[in-house]
Amino acid sequence: MRNGIKALTFDVGGSVFDWQTATRRAVRALAVARGVDVDDGAFTMTWRRRMFEELGRVRRGDLPWRNADQLHRSVLDELADGYPQLELSDGDRDELNRAWHRMGIWDDVPDALRKLREHYIVSILTVLSLSIVVDSSRHAGIDWDAYISCEFLGVYKPDAAAYRTAARLLGAEPREVMMVAVHPGDLLAGRRAGLKTGYVKPKVWEPGADGPTEGFDVSAADYGDFARQMTR
């Protein structure tokens, strides 16, 4: 272990993967094909926000267990009603939902991951489905030591059990794991579960990125800075 840390668990949606570009591009392509004008930014921000609202209902037991693909798809059906000009068929909706499987990554991530993997177990810990993170990682040309999706844990972040179970699966105590994210809320929940915390400044604004950015075990301007702090 280095600095008492055995493993790093990364949030990825918005933290590592650029979901906004992938989904906005897909919506824009459909709008162009239909010859209509659509605010793709508003569409995708609503899509993301509503998915997390529905995920909250799953966590509370108001909805049966669903993974992120199912949640994204059900929200898309709702959104489609508000954008009749897109004339989204079931096939269109299925293909649009696949945009989440083609997310790119921020430019400084690959080199940072290579350096970090020399010293730590480096894992994903996400509410996104395993299929989404495997496909997007392959699309971006990166790899991880482990892919931990909450869809297999029986609980979703920010429930403390998600962080603690991830630590156990990685053969570590919670104090030996650092949660890494651009979302302060994710880090605060990880801290309450006993994990260390690594904050990386987000590249672009997104829901959940607001909040306190001080007081974490590591705070970094970008992933290069994070890797330098964790490997010096």
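Nothing here was measured: the structure is a model prediction, and the numbers come from that model.

**Student:** If you had to explain the overall build of the protein to someone new, which residues and values would you point to?
**Tutor:** Counting its secondary structure elements, the protein contains nine helices and eight strands. By the compact-globule yardstick of 17 Å for 232 residues, the protein fits well, its C-alpha radius of gyration being 18 Å. If one aligns the C-alpha atoms of the protein with their principal axes, the spans along those axes are about 55 × 35 × 30 Å. Total accessible area computed for the protein in this model is approximately 10300 Å², and 47% of it derives from carbon and sulfur atoms. Here the protein contributes 32 positively and 35 negatively charged side chains, and the mean placements of these two sets differ by 5 Å.

**Student:** Would you mind going over the packing of aromatic side chains in detail, with residue names and values included?
**Tutor:** On inspection of all chains with the given rule, the structure shows nine aromatic pairs. Consider the rings of tryptophan 19 and tryptophan 100, whose centres lie 5.6 Å apart with planes at 20°: the pair is stacked. With tryptophan 19 in helix H1 (residues 19-34) and tryptophan 100 in the loop between helix H4 (90-97) and strand S3 (104-105), the pair connects residues that are 81 residues apart, well separated along the chain. Here the two residues tryptophan 19 and tryptophan 100 agree in accessibility, since each one is buried. Ring centres of tryptophan 65 and tyrosine 156 lie 4.5 Å apart, and the angle between their planes is 10°; this geometry places the pair in the stacked category.

**Student:** I'd like a description of the side chain of aspartate 186, backed by residues and values.
**Tutor:** Among the structural elements, aspartate 186 can be located in helix H8 (residues 184-192). The residues contacting aspartate 186, other than those within four sequence positions of it, are Asp11, Lys157, Tyr163, Met179 and Ala181.

**Student:** Which residues make up the pairing of strand S6 (residues 177-181), and what values do they have?
**Tutor:** In terms of residue burial, S6 counts as a mostly covered element, since five of its five residues are buried. What you see with S6 is no split at all: Val177, Met179 and Ala181 on one side and Met178 and Val180 on the other are buried throughout. Summarising the sheet, strand S1 (residues 7-10) and S6 pair through four bridges and their orientation is parallel. Note on S6: the bridge partner recorded for phenylalanine 10 is valine 180. A crossover links S6 with its parallel partner strand S7 (residues 196-200), the connecting element being H8, and its sense is right-handed.

**Student:** Tell me what's going on with the sheet that holds S1, and back it up with residues and numbers.
**Tutor:** Spatial strand order, S5-S4-S1-S6-S7-S8: six strands in an open sheet with parallel pairing. If you trace the sheet from one side to the other, it starts and ends with strand S5 (146-149) and strand S8 (218-220), each paired once. Here the strands of the sheet are splayed against their neighbours by 20° on average, with no regard to which way each runs. With respect to the sheet, helix H9 (residues 223-231) is in contact with S1, S6, S7 and S8, its orientation differing from that of S8 by roughly 145°.

**Student:** Tell me about the side chain of aspartate 18, and please be specific about residues and values.
**Tutor:** Residue position: aspartate 18 is located in strand S2 (residues 17-18). Within the buried core, aspartate 18 has no salt-bridge partner, and the shortest N-O distance to an opposite charge, that of arginine 25, equals 6.9 Å. What aspartate 18 contacts, discounting residues up to four positions off in sequence, is Met103, Gly104, Ile105 and Trp106.

**Student:** I'd like a rundown of unusual backbone geometry, residues and numbers included.
**Tutor:** A cis amide bond, omega 10°, links lysine 157 with the succeeding residue proline 158. One non-glycine residue, asparagine 3, lies in positive phi territory at about 55°. Take asparagine 3: it is sitting in the segment before S1. In this structure, glutamate 87 takes a positive phi of about 50° despite not being glycine.

**Student:** Give a description of the pattern of salt bridges that names residues and reports values.
**Tutor:** It is possible for side chains bearing opposite charge to pair when their charged atoms get close. If you walk through the whole model with that rule in mind, you get 23 salt bridges. With its nearest N and O atoms 2.4 Å apart, the salt bridge here joins aspartate 159 to arginine 59. Highlighted residues: aspartate 159 in the loop between S5 and helix H7 (160-169) and arginine 59 in helix H2 (residues 40-60), separated in sequence by 100 residues. For arginine 59, a relative accessible area of 37% translates into the label partly exposed. Here arginine 117 makes a salt bridge to aspartate 145, at a shortest N to O gap of 2.9 Å. Of this pair, arginine 117 sits in helix H5 (residues 109-117) while aspartate 145 sits in the loop between helix H6 (130-140) and S5, placing them 28 residues apart in sequence. Residue classification places arginine 117 among the partly exposed positions, given a relative accessible area of 34%. Each member of the salt-bridge network shares a partner with another, and the members are Arg49, Arg50, Glu53, Glu54, Arg57 and Glu78.

Definitions and limits used
- Residues numbered from 1 in each chain as written.
- Predicted model: local features only at pLDDT ≥ 70, side-chain atom pairs only at ≥ 80, totals over all residues.
- Heavy atoms only, no water.
- Helix = DSSP H or I, 4+ residues; strand = E, 2+ residues; numbered from the N terminus.
- Rg over C-alpha atoms; globule rule 2.2 N^0.38 Å.
- Areas by Shrake-Rupley, 256 points an atom, 1.4 Å probe, with all protein chains shown as cover.
- Lys, Arg positive; Asp, Glu negative; His and termini not counted.
- Charge placed at Lys NZ, Arg CZ, Asp CG, Glu CD.
- Phe/Tyr/Trp six-rings, centres within 6.5 Å; stacked < 30°, edge-to-face > 60°.
- Buried < 20%, exposed > 50% of the residue type's maximum accessible area, 1.4 Å probe, protein only.
- Contact = heavy atoms within 4.5 Å.
- Pairing = 2+ DSSP bridges.
- Right-handed = clockwise from strand over helix to strand, strands pointing away.
- Axes fitted to C-alpha atoms, helices over the stretch in contact; angles between N-to-C directions.
- Salt bridge = Lys/Arg side-chain N within 4 Å of Asp/Glu carboxyl O.

The values reported here are purely geometric and, on their own, carry no functional implication.
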